[in-house]
Amino acid sequence: KIPITRFLFREPFVYFLTLALSATMAFTRGQSAFMIIGIFVILPLVAAKIPLSGYFCSQCEANPNPVQLVSSIHPAYTTVIFSFIGWDQYGNVTNAWDCNAKDCPKNFTLTPAMIARLKNEGRTVLMSVGGQAGQVITGAESPAFVANFAAGLVATITKFGLDGIDLDIENRMGDVCACAQVVASVIKSVKLALPSVVFTLTPQMPDLYPDITESSLGFNSQAALVSLAFNDLQAVQVQMYNTWASAETISYAEAYAAKLIAGYTVTCDGQSYPVKIPNTKLILGYPATRSGAGSGYVDPTAVVGLAHDLESKGTPLLGLMTWSIGWDALGGWPFASAVAQG
């Protein structure tokens, strides 16, 4: 969901065409073309800030009071991603998003009313599959597994009134191309039942690695999935942290984004998978505070600066992502504040 002002500013041809047509119509109707031109000059200055998605994990240590936090999320967060959906060996969805049991005594139970309130505030609301709650995808899962998984996601989306699903599937083993086929099949099945549902993918940076053209469990392990499910993915949110020091810099991120946008091809099981992520689908993710990840923390103002640099080069990101809303809140909202200040 991109506000019209941001869309116009991102698409210069459309922006100036709209400006010309509006001024012409104003002139023919005896209205002030200068007033119309003035409005369009001001529009980019008041356009929406950079979209920001963040994870809300009730079971995580960074969220000591999820009941309070869910009603006081910083307004800079345009997308809230509740974490996590798990699954069992049969593909049945399991609840790892609540925190109301003996092993997680925070008395938090997610409700449709909470989702509705966030959506009424103009936010997109997703639920994330995987993360710390994810089981292993082996690539040998049966059609029944796929059917159960898809049915569970459809039921969860419908029950809570979610806008969609985020895929943070980190645990894979065996043939990574076969794993991609399984996950792509789940996505297709959900989209058949709910055509308007949003899907985002949140790989770790090495999982989409343009400097290598082969696919393995260590590198490009989600390249085939991006290729197979590209038309069904509204965003790819790359985790630019927990990697290695030379890759956790602003200069690396800028070059990395350019390579994803330009595209590359990965070979897996003898088959070629083209991977090309347009800037309009690309989101870069960073830890909200130094405590949010083992490595990869970058000052939020520098991250916002990165987004502006890419925009100035004609390749504006779809947005930024952070782990997590809880860490951001505990730190006094440094990430959200940086985004809000632009």
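Above this text sits the structure in question.
Residues numbered from 1 in each chain as written. Predicted model: local features only at pLDDT ≥ 70, side-chain atom pairs only at ≥ 80, totals over all residues. Heavy atoms only, no water.

Caption draft 1: Here's a closer look at the side chain of Ser221. Here Ser221 shows up in the loop between strand 8 (198-201) and helix 8 (223-229). You can call Ser221 buried: its relative accessible area is 2%. (Helix = DSSP H or I, 4+ residues; strand = E, 2+ residues; numbered from the N terminus. Buried < 20%, exposed > 50% of the residue type's maximum accessible area, 1.4 Å probe, protein only.)

Caption draft 2: Broad picture of the packing of aromatic side chains. Counting across every chain of the model gives twelve aromatic pairs. An aromatic cluster of three or more residues is present, and its members are Tyr55, Phe84 and Trp323. In this arrangement the basic side chain of Lys281 is found over the ring face of Phe230, its NZ or CZ atom lying 3.7 Å from the centre. (Phe/Tyr/Trp six-rings, centres within 6.5 Å; stacked < 30°, edge-to-face > 60°. Lys NZ or Arg CZ within 6 Å of the ring centre and 35° of its normal.)

Caption draft 3: Seen up close, the pattern of salt bridges. For the structure on display, the rule yields five salt bridges. In this structure, the salt-bridge partner of Glu121 is Arg123, at a minimum N-O distance of 2.9 Å. For Arg123, a relative accessible area of 7% translates into the label buried. (Salt bridge = Lys/Arg side-chain N within 4 Å of Asp/Glu carboxyl O.)

Caption draft 4: Structural detail: the packing of helix 10 (residues 300-312) against helix 12 (residues 334-341). Contact geometry for helix 10 and helix 12: axes closest at 8 Å, N-to-C directions at 40°. As summarised for this structure, helix 10 and helix 12 are arranged oblique, according to the angle between their axes. Crossing angle aside, the handedness with which helix 10 passes helix 12 is right-handed. Here helix 10 contributes Pro300, Thr301, Val303 and Val304 to the contact with helix 12, which in turn contributes Pro334, Phe335, Ala338 and Val339. Broken down by class, the residue content of the contact of helix 10 with helix 12 amounts to seven nonpolar, one polar and no charged. (Axes fitted to C-alpha atoms, helices over the stretch in contact; angles between N-to-C directions. Parallel < 35°, antiparallel > 145°, perpendicular 65-115°, else oblique. Left-handed = near helix turned anticlockwise from the far one by under 90°. Contact = heavy atoms within 4.5 Å. Nonpolar A, V, L, I, M, F, W, Y, C, P; charged D, E, K, R; others polar.)

Caption draft 5: Representation of the state of the cysteines. Scanning the entire structure with this criterion turns up three disulfides. A sulfur-sulfur distance of 2.1 Å marks the disulfide that ties Cys57 to Cys60. With the S-S dihedral at roughly 75°, the linkage between Cys57 and Cys60 falls on the right-handed side. Between Cys177 and Cys268 runs a disulfide, and the two sulfur atoms are separated by 1.4 Å. A residue pair is termed long-range when its members are at least 10 positions apart, and Cys177 in helix 7 (residues 176-193) and Cys268 in strand 10 (residues 264-268) qualify at 91 residues. You'll find Cys177 and Cys268 in the same group, each marked buried. Shown here for the protein chain is a disulfide pattern of 1-2, 3-4, 5-6, where each number marks a bonded cysteine counted in sequence order. For the unlinked cysteine Cys179, the closest cysteine sulfur is that of Cys177, found at 8.8 Å. (Disulfide = S-S within 2.5 Å.)

Caption draft 6: Geometry of the nonpolar core. Counting 109 residues, the largest nonpolar core has Phe82, Leu208 and Val238 as the members making the most contacts within it. By residue number, the principal contributor to this core is helix 7, which donates ten residues. In this view, Val238 contacts Pro203, Gln204, Met205, Leu208, Tyr256, Leu260, Leu282, Ile283, Leu284, Gly285 and Met321; residues no more than four positions away in its chain are not counted. (Core = buried A, V, L, I, M, F, W, Y, C linked by side-chain atoms within 4.5 Å.)

Caption draft 7: Layout of helix 5 (residues 112-120). Along helix 5, the residues classified as buried are Met114, Ile115 and Leu118. The buried residues of helix 5 occupy an angular sector of 100° when projected down its axis, which confines them to one face. The inward-facing, buried residues of helix 5 abut strand 2 (79-87), strand 5 (104-108), strand 6 (124-130) and helix 6 (143-160). Phi turns positive, to about 90°, at Gly122, one or two residues after helix 5. (Arc of directions from axis to C-beta.)

Caption draft 8: Spatial organisation of the pairing of strand 2. With respect to burial, strand 2 is a largely interior element, nine of its nine residues being buried. Across five bridges, the pairing between strand 1 (residues 52-57) and strand 2 is parallel. By the bridge assignment, Phe56 is partnered in strand 2 with Phe82. Strand direction decides the pairing type here: strand 2 and strand 6, joined by six bridges, are parallel. Note on strand 6: the bridge partner recorded for Ile85 is Val129. Pairing between strand 2 and strand 3 (residues 93-95): three bridges, direction antiparallel. In the strand pairing of strand 3, Gly86 is matched with Thr94. Where strand 2 folds back onto strand 3 in an antiparallel hairpin, the turn is made up of five residues, including Gly91, whose phi is positive at roughly 90°. (Pairing = 2+ DSSP bridges.)

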